[in-house]
Amino acid sequence: DAKAATLNVVATGGPESGFLRVIPCGGSAEVSNLNYPAFGAIANGVNVMLDSSGSVCISTSTATHVLLDLTRFWR
């Protein structure tokens, strides 16, 4: 029954620089939550609304590994 969450998002090891978005599944966004360098690792805190099933979706502009930690949620 959570409505929103704070997440720690990490992009690491991708061969190209790019950006990542965290959004409620089925939603859209025009801004990135994290810009990452080629072959680097970078983290960012993200506050995001959850979809009706309590999920988020992550999209990346280039191939990279993504780590996600839930740090807090709100009902």
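To be clear, the structure that these remarks concern was listed above.
Since the model is a prediction, treat every value here as computed from it, not as a measurement.

So, the sheet that holds strand β1 (residues 4-12)
Here is step 1: Read across the sheet, three strands follow the order β4-β1-β6 without closing on themselves; strand pairing throughout is antiparallel. Edge positions in the open sheet fall to β4 (41-49) and β6 (65-74), since each of these has one partner strand only. Shown here is a sheet whose adjacent strand axes are inclined to one another by a mean of 20°, direction ignored.
Here is step 2: In this structure, β1 lies alongside β4, joined through nine bridges in antiparallel fashion. Note that in β4 the partner of Leu7 across the bridge is Val46.

Some remarks on the environment of Ala38
Here is step 1: Position of Ala38 relative to the elements: it lies in the loop between β3 (34-36) and β4.
Here is step 2: Judged by relative accessible area, Ala38 falls into the partly exposed class, the value being 36%.
Here is step 3: Note: C-alpha distance between Ala38 and Glu16 (22 residues apart in sequence) is 4.2 Å.

Some remarks on a nonpolar patch on the surface
Here is step 1: On the surface, a nonpolar cluster with roughly 200 Å² of combined accessible area is contributed by Ile58, Val66 and Leu68.
Here is step 2: Residue position: Leu68 is located in strand β6.
Here is step 3: Given a relative accessible area of 39%, Leu68 falls into the partly exposed group.

Regarding the sheet that holds β3
Sheet strands associate in pairs through backbone hydrogen bonding, adopting either a parallel or an antiparallel arrangement.
Here is step 1: Read across the sheet, three strands follow the order β3-β2-β5 without closing on themselves; strand pairing throughout is antiparallel. Only two strands of the sheet have a single partner each, and these edge strands are β3 and β5 (56-60). Each strand axis lies, on average, 20° off the axis of its neighbour in the sheet, ignoring direction.

Side note on the environment of Ser52
Here is step 1: Note on placement: Ser52 falls in the loop between β4 and β5.
Here is step 2: According to the relative accessible area criterion, Ser52 is exposed, its value standing at 85%.
Here is step 3: On a C-alpha basis, the gap between Ser52 and Gly26 in space is 10.0 Å, while along the polypeptide they are 26 residues apart.

A word on unusual backbone geometry
Here is step 1: A positive phi angle, close to 55°, is found at Phe39, a residue other than glycine.
Here is step 2: Looking at the secondary structure, you find Phe39 in the loop between β3 and β4.
Here is step 3: We classify Phe39 as exposed; its relative accessible area is 64%.

Thresholds, definitions, all that
- Position labels on residues start from 1 in each chain and follow its written sequence.
- Since the coordinates come from a predicted model, pLDDT governs what is reported: local features require at least 70, and pairs of side-chain atoms require 80 or more to be given and counted, while whole-chain, interface and lining totals use all residues.
- In computing side-chain values, all of the structure's heavy atoms are included and hydrogens and water are not.
- DSSP bridges decide pairing: two strands pair if at least two such bridges lie between them.
- In DSSP terms, a helix is any run of H or I states spanning at least four residues, a strand is any run of E spanning at least two, and both are numbered starting from the N terminus.
- Think of each axis as a best-fit line through the C-alpha atoms, taken over the contacting stretch in the case of a helix, with angles from 0 to 180 degrees between the N-to-C directions.
- Buried means the residue's accessible area, taken with a 1.4 Å probe over protein chains only, is under 20% of the maximum for its type, while exposed means over 50%, and partly exposed covers the values in between.
- Patch membership needs two things, relative accessible area over 30% and no salt bridge, and members are linked within 9 Å if like-charged or within 5 Å if nonpolar (Val, Leu, Ile, Met, Phe, Trp, Tyr).
- Only the protein chains shown count as covering a residue, and every accessible area follows the Shrake-Rupley method with a 1.4 Å probe.
- Basic side-chain nitrogens of Lys or Arg form a salt bridge, by our definition, when they fall within 4 Å of a carboxyl oxygen of Asp or Glu.

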